[in-house]
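Chains, contacts and geometry: an overview
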Amino acid sequence: MIKAHCAIWVGCLLTSLTACAQQQSPSAISSVPVEHVVSMGGQTLTLENDQARCALRKPDQTLMPLDLAWPCQFRVDRQGKPHVETFGEVPIVIVVHVSAGPHNNQECRSEYRAIRQINGQLEPSIIARTASCMTGTGDQKNYTGLFTW
């Protein structure tokens, strides 16, 4: 009886290991950097280089031009993952392009725009500019203040 239970247990274990081995993590499936991919409202959005300009690849595979220079990225949290801010029930992300200041590499200039998913549609905000390096997730007003509510 013990041998039968052991055989069943080993069979289940091998089946589980095979199933785990067949599953691939998102990073193994794609070589896209983590700061270029975000899940928002059940949709996966990806930032892409479109002729040296930043564009957002939507789930239907169309590109939304963002009028920001490439390279760009989503603002990330302390774990280095893209941050999604929720205001009410509306998810919002920020896409940022950071470049060196005109005088030296110690200065930064940033352009950014928020993108919200409202009523099932993606909507970009106006473009904002700042003389900072735009690190961290930022303030909720950075996400919400660029829209008319």
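The structure this text deals with has already been given above.
Read on for a plain summary of the structure. These numbers were taken from a predicted model, which means no experiment stands behind them. Counting starts from 1 at the beginning of each chain's written sequence and moves along it residue by residue. With the structure being a predicted model, the display of local features is reserved for residues of pLDDT at least 70 and the display and counting of side-chain atom pairs for 80 or more, all residues being used for whole-chain, interface and lining totals. Side-chain measures here rest on the full set of heavy atoms in the structure, leaving out hydrogens and waters.

1. Side note on the pattern of salt bridges
The following threshold applies: Any Lys or Arg side-chain nitrogen found within 4 Å of a carboxyl oxygen on Asp or Glu counts as a salt bridge.
Tallied over the full model, the rule gives 6 salt bridges. One salt bridge connects Arg116 with Glu123, and the closest N-O pair in it is separated by 3.1 Å.

2. Description of the packing of aromatic side chains
Quick note on the threshold: In this scheme Phe, Tyr and Trp rings, the latter by its six-membered ring, pair at centre separations within 6.5 Å, and the angle between planes marks the pair as stacked below 30 degrees, edge-to-face above 60, and tilted otherwise. Burial here depends on accessible area, computed with a 1.4 Å probe over protein chains only, as a share of the maximum for the residue type. Under 20% is buried, over 50% is exposed, and the range in between is partly exposed. We call a charge positioned over a ring when the NZ of a Lys or the CZ of an Arg lies within 6 Å of the ring centre and within 35 degrees of the ring normal.
In this structure the tally under the stated criterion is 2 aromatic pairs. Measuring from centroid to centroid gives 6.0 Å for Phe147 and Trp149, while their planes differ by 75°, and the two rings are edge-to-face. Relative accessible area serves as the criterion here: at 9%, Phe147 is assigned to the buried category. You can call Trp149 partly exposed: its relative accessible area is 46%. Among the aromatic side chains, those forming a connected cluster through ring pairs are Phe87, Phe147 and Trp149. It is Arg116 that lies over the ring of Trp149; its NZ or CZ is 4.5 Å from the centre.

3. A few points about the sheet that holds strand β3 (residues 53–57)
Sheet strands associate in pairs through backbone hydrogen bonding, adopting either a parallel or an antiparallel arrangement. The condition is simple: Whether two strands pair comes down to DSSP finding at least two bridges between them. For helices the rule is a DSSP run of H or I covering at least 4 residues; for strands it is a run of E covering at least 2, with both sets numbered from the N terminus onward. Angles here are taken between N-to-C directions and fall from 0 to 180 degrees, while the axes themselves are lines fitted to C-alpha atoms, restricted in helices to the stretch in contact.
Reading across the sheet, the 4 strands line up as β1-β2-β3-β4 and stay open at both edges, with antiparallel pairing between neighbours. Looking at the sheet topology across the chains shown, the edges are occupied by β1 (37–40) and β4 (63–69). Taken pair by pair, the neighbouring strands of this sheet meet at an average axis angle of 25°, ignoring direction. Both β1 and strand β2 (residues 43–49) contribute to a ladder of 4 bridges, which runs antiparallel. If you follow Val37 over to β2, its bridge partner there is Thr46.

4. Focus: the environment of Leu146
Rule in force here: We call two residues in contact whenever any of their non-hydrogen atoms come within 4.5 Å of each other.
Structurally, Leu146 is set in the segment after α3 (140–144). In the structure, Leu146 is positioned 18 residues away from Ala128 in sequence and 7.8 Å away in space, judged by C-alpha atoms. Not counting residues within four places of it along the chain, the set of residues in contact with Leu146 comprises Tyr112, Ala114, Ser125, Ile126 and Ala128.

5. Brief notes about the state of the cysteines
Definition in use: Note that a disulfide, as used here, is simply two cysteine sulfur atoms within 2.5 Å.
The tally for this structure, following the rule as stated, stands at 2 disulfides. The side chain of Cys54 participates in a disulfide bridge whose partner is Cys72; the two sulfur atoms lie 1.9 Å from each other. Because the torsion about its S-S bond is 65°, the bridge between Cys54 and Cys72 counts as right-handed. Here Cys72 lies in the loop between β4 and β5 (73–74) and Cys54 lies in strand β3, a separation of 18 residues in the sequence. In this pair, the class of Cys54 matches that of Cys72, namely buried. Residue pairing for Cys108: its cysteine sulfur links by disulfide to Cys133, the two sulfurs lying 1.9 Å apart. One quick way to see it: the torsion about the S-S bond of Cys108 and Cys133 is about 80°, and its sign makes the bridge right-handed.

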